[in-house]
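What follows is the residue order along each chain.
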Amino acid sequence: MIDEIINVTDKYINTKSKVERKKIGQFFTSKETAIFMANLSRSHKEKIKILDAGAGTGILSIALLEKLNNIQDIKSIEIDLYENDENIALILEKNMQRVKNSITKLKKIKIIKDNFILHNENTTERIYDIIISNPPYKKIGKNSKEAIAMKDVVYGQPNIYFLFMEMAERVLKDDGEMIFIVPRSWTSGAYFKKFRQKFLDNVKLTNIHLFVSRDKVFSRENVLQETMILRAIKSKETPPKVIITESYSNSDFNKINKYEINYDLCVENNDERYVYLPTNEKDIKVLRTINRFDTKLNDLGLKLKTGLTVDFRNESSLEKKANSNNVPLLSSIHFKNGIIQFPSKLEEPQYIKKDNTSLLQKNMNYLFIKRFSSKEENRRVQPAIFLKNQFNNYDFISTENHINYICTSDNSEIQEDLLYGLYVLYNSTLYDQYYRILNGSTQVNATEVNNIPIPNENEIKKMGKYLRENKDLSSDNCNNILMEVIDNE
Ligand SMILES: C[S@@+](CC[C@H](N)C(=O)[O-])C[C@H]1O[C@@H](n2cnc3c(N)ncnc32)[C@H](O)[C@@H]1O
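Description of the structure in this document. In this text, all values refer to a predicted model and were calculated from it rather than measured experimentally.

### Observations concerning the overall build of the chain
And step 1. From N to C terminus, the chain includes 16 helices and 20 strands.
And step 2. Expected size for 489 residues packed as a compact globule is a radius of gyration near 23 Å; at 26 Å, the chain falls within 12% of this value.
And step 3. Considering only C-alpha atoms, the chain reaches an extent of 80 × 55 × 40 Å along its principal axes.
And step 4. For the chain, the computed accessible surface area is about 22300 Å², with 45% contributed by carbon and sulfur atoms.
And step 5. Mean positive and mean negative side-chain charge positions of the chain (72 and 66 charges, respectively) differ by 3 Å.

Laid out in C-alpha cells, this is it:
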C-alpha cells in the first residue's frame, strides 16, 4: 500500500514545480522515514484516535495505520487528516478510500480541507491519542493569521512548523503521543524560546532521531536542512531518559546508533529550555564537563554581541584606503590563527567613514568570534583576539555583521588575562563540540554563547595568563590549558 502512495506522490511531484510547493511548505516524506516514524508509536489502547496535520498524500497516516492494524489490543481506529491544498486533498481522499479496504480496524476517516492552525484556534478539546506529522516548513509573517492565533509562542517572524507542533500539543490527550519530523532549529535560539518553554512544559521528549547527512532526508526533494524526528508524550512527569538515535540518511534506518541519556542532560531545566542533542559517549562527556561550571558571561559583566556594520546596507560608507575620515572595519578576513591581521591583502573595502556614529564602537580589547563557518570547516566556534594597542591611531573601529564580539556591559576595558582566557575557552575543542551539540546550524548566535557555562573569573584569568606567557594560540594548546582547570576541579 505504501508503495502505491509513493507512486502517486511522485506523479504529483512531477506535475508541480518545486517553487510552487515551496510556497506552501510542501515536501513529502520517504517510505522508509514514514515507516520509521510509525514504528516509534507505543499506543495500544482499544480505541485510538489519530490526527495527521498537513497530511499531503497521506504517507505518514498509512504507515501508521498499517502498523496499528497489526497490534492485537487495538480494536478500532478513527483518523482526522488536515490538508488545506485543494489539489493534494483530492489525491489524499482517493488514497484514504483505498486504505479503508486493507486496514480492517479503521472505522472512520475525516479529511478536513482547512487550515490546521486556524481551524483549531479556539478549541479546548484534547481528543487525539496519536498525532503524526511532517508539518509545512516556511516562514510566515508575524502579522499572518496563524501567527496572531498563536501569539503566545511567537517571537519575531515565526516558521509555521513550530506552530503546528504547538497546536498538536494542545489537541493531544493526556498521555497521548506525538511523532513529528521537523527542522532542528527549534532546539535552540531566541526565536523559539517562548515556544520551547510552553511546549516542553506540556509534553516530554522520549525519542529523538537525527540524520548525519543534511541533504539525504528529503532526498527526492533536494531539501538541505538539519532535520530531526521526535516523539513526545503529553505528560507533566519527566521521564528519566531520552533515547537518541542517529542514521546517515533516510534509507539506512537499519544501521542506527542509539544512546540513552538523562532527560536533564537533553532538555535544559532553566529559562532557555535548550534541547541538547548528543549522539555519542564523547558528546555526553562534553556536556557533563561543561555543565559542571556555573558561571555565564553575564556574571563577569561580559556579553557577546553581533558586529555593527551590515556592509551591503552601507556600501556608500565603505572605503578601500585609510584616511582621516574613516576607521578600520574588522571582519572575518582579518582572522589569522587567533589574532587580527589588518589590513588584509584582499582587495575589499576595509575602512568605514566615521560619519555614521551608530556603526562605530570604542577601540578596546575584544574577543571576536566568527558568526558563520562553512560546513567544510572543522570548527564552528572560531575566535580571534583583538587588541586595542594594535590600532593606537584610532579611538573607534567598526565590526562587520558576520562576526560577533565579546565586550563588557559597562564599556570598560577587558583585561588581557581575561581576554586571553576567554580565547582559551572558545578556541578549545570542548567548547566547539558543546556548541555543535547545542546548535546544528553553522551560525554562532549571541544568545547561545551568552548561555554556555564557563569557569569562574579567576580560573579564566589564570588560563589567560598562562597563554600570554606561552604564546601558542593553537587549539591543541588551548585544550591542554583548559584540561588542567577541569582536572583540578
Ligand atoms: C511538508 S508537507 C508533508 C506532507 C505529508 N504529511 C508527508 O509527510 O509527505 C506539509 C503539508 O501540509 C499542507 N499544509 C500547509 N499549510 C497547511 C495548513 N495551514 N493547514 C493544513 N495543511 C497545511 C501542505 O499542503 C502539505 O501538503
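### Re the side chain of Ser-76
And step 1. Positionally, Ser-76 belongs in strand β2 (residues 76-82).
And step 2. Excluding anything up to four places from it in sequence, Ser-76 contacts Glu-46, Lys-47, Ile-48, Lys-105 and Lys-107.

### A short note on the pairing of strand β20 (residues 403-408)
And step 1. In terms of burial, β20 is a largely internal element, six of the six residues being buried.
And step 2. Here β20 shows no split at all, with Ile-403, Tyr-405 and Cys-407 on one side and Asn-404, Ile-406 and Thr-408 on the other all buried.
And step 3. The sheet contact formed by strand β10 (residues 302-306) and β20 spans five bridges and is antiparallel. When the sheet's bridge partners are listed, Leu-302 is paired in β20 with Thr-408.
And step 4. Taken together, the four bridges between strand β17 (residues 366-370) and β20 define a ladder with antiparallel strand orientation. Bridge pairing links Phe-368 to Tyr-405 in β20.

### So, the sheet that holds strand β7 (residues 227-234)
And step 1. Taken in spatial order, the nine strands make up an open sheet running β3-β2-β1-β4-β5-β7-β6-β8-β9, and their pairing is mixed. The sheet is open, and its two borders are formed by β3 (106-112) and β9 (257-262), each paired with just one other strand. Here the average twist between neighbouring strands, direction ignored, is 15°.
And step 2. Taken together, the three bridges between strand β1 (residues 47-53) and strand β4 (residues 128-133) define a ladder with parallel strand orientation. Bridge pairing in β4 links Asp-52 to Ile-132.
And step 3. Of the strands in this sheet, β2 and β3 touch helix α5 (residues 86-102), which is tilted by about 180° from β3.
And step 4. Helix α8 (residues 160-171) rests against β1, β4, β5 (172-183), β6 (203-211) and β7 of the sheet, and its axis sits at about 165° to β5.

### Re the site of the ligand
And step 1. Close to the ligand lie 21 residues; Gln-26, Thr-29, Gly-54, Glu-83 and Phe-116 are nearest.
And step 2. The contact in question runs from a nitrogen atom of the ligand to an N or O atom on the backbone of Gly-54, over 2.8 Å.
And step 3. Phe-116 places a polar main-chain atom, nitrogen or oxygen, 2.9 Å from a nitrogen atom of the ligand.
And step 4. Protein contacts shield 98% of the accessible area of the ligand, which totals 600 Å² for the unbound molecule.
And step 5. Taken together, the residues of the shell around the ligand break down into ten nonpolar, eight polar and three charged.

### Considering the sheet that holds strand β16 (residues 361-362)
And step 1. The five strands lie next to each other as β11-β15-β12-β19-β16, forming an open sheet whose pairing is mixed. Both edges of this open sheet fall to β11 (318-319) and β16, since each of them pairs with a single strand only.
And step 2. Pairing geometry for strand β12 (residues 326-330) and strand β15 (residues 351-353), over three bridges, is antiparallel. In the strand pairing of β15, Val-327 is matched with Ile-352.

### Side note on the packing of aromatic side chains
And step 1. In the structure shown here, the tally under the stated rule is 24 aromatic pairs.
And step 2. Arranged with centres 5.4 Å apart and planes meeting at 75°, the rings of Phe-342 and Tyr-351 form a pair that is edge-to-face. Comparing Phe-342 with Tyr-351 shows no difference in burial state: the two are buried.
And step 3. Taken together through their ring pairs, the aromatic side chains of Phe-335, Phe-342, Tyr-351, Tyr-366, Phe-368, Phe-386, Phe-391 and Tyr-405 make up a single cluster.

### Digging into the pattern of salt bridges
A side chain of one charge can pair with a side chain of the opposite charge if their charged atoms are brought near each other.
And step 1. One pass over the full model with this rule turns up 25 salt bridges.
And step 2. With a closest N to O distance of 3.4 Å, Glu-4 and Arg-98 form a salt bridge. Remark: Arg-98 occurs in helix α5 and Glu-4 occurs in helix α1 (residues 2-15); sequence separation between them is 94 residues.
And step 3. A relative accessible area of 39% means that Glu-4 is categorised as partly exposed.

### Description of the layout of surface pockets
Gaps between atoms show up when a probe of the same size as a water molecule is rolled over them.
And step 1. The computed volume of the largest pocket comes to approximately 890 Å³.
And step 2. Considering the residues around the largest pocket, the lining is formed by 31 residues, among which Ser-185, Tyr-191, Phe-192, Gln-443 and Asn-445 are closest to the centre.
And step 3. Of the residues belonging to the lining of the largest pocket, the class tally is eleven nonpolar, 14 polar and six charged.
And step 4. Here the lining of the largest pocket gathers at least three residues from each of two domains, domain 1 (2-279) and domain 2 (297-488).

### Regarding the nonpolar core
And step 1. Counting residues in each nonpolar core, the largest one holds 94 residues, and the members touching the most others are Met-165, Trp-186 and Tyr-426.
And step 2. Sorting elements by how many residues they give to this core places α8 first, with nine residues.
And step 3. Per-domain counts for this core show at least three residues from each of domain 1 (2-279) and domain 2 (297-488).
And step 4. Not counting chain neighbours up to four residues away, the residues in contact with Trp-186 comprise Tyr-161, Met-165, Phe-192, Phe-195, Arg-196, Phe-199, Leu-200, Leu-205, Met-228, Leu-230 and Val-275.
And step 5. Membership of the second largest hydrophobic core comes to 34 residues, among which are Met-37, Ile-62, Leu-64 and Val-99.

Calculation rules
Residues numbered from 1 in each chain as written. Predicted model: local features only at pLDDT ≥ 70, side-chain atom pairs only at ≥ 80, totals over all residues. Heavy atoms only, no water. Helix = DSSP H or I, 4+ residues; strand = E, 2+ residues; numbered from the N terminus. Rg over C-alpha atoms; globule rule 2.2 N^0.38 Å. Areas by Shrake-Rupley, 256 points an atom, 1.4 Å probe, with all protein chains shown as cover. Lys, Arg positive; Asp, Glu negative; His and termini not counted. Charge placed at Lys NZ, Arg CZ, Asp CG, Glu CD. Contact = heavy atoms within 4.5 Å. Buried < 20%, exposed > 50% of the residue type's maximum accessible area, 1.4 Å probe, protein only. Pairing = 2+ DSSP bridges. Axes fitted to C-alpha atoms, helices over the stretch in contact; angles between N-to-C directions. Near = heavy atom within 4 Å. Polar contact = N/O pair within 3.5 Å; in protein donor to acceptor, adjacent residues only side chain to side chain. Nonpolar A, V, L, I, M, F, W, Y, C, P; charged D, E, K, R; others polar. Phe/Tyr/Trp six-rings, centres within 6.5 Å; stacked < 30°, edge-to-face > 60°. Salt bridge = Lys/Arg side-chain N within 4 Å of Asp/Glu carboxyl O. 1 Å grid on protein atoms, 1.4 Å probe; cavity = no way out; pocket = protein on both sides within 12 Å on 5 of 7 lines; lining within 4 Å. Points joined across faces, edges and corners; volume = space filled by probe spheres on them. Domains from an automatic or database assignment. Core = buried A, V, L, I, M, F, W, Y, C linked by side-chain atoms within 4.5 Å.

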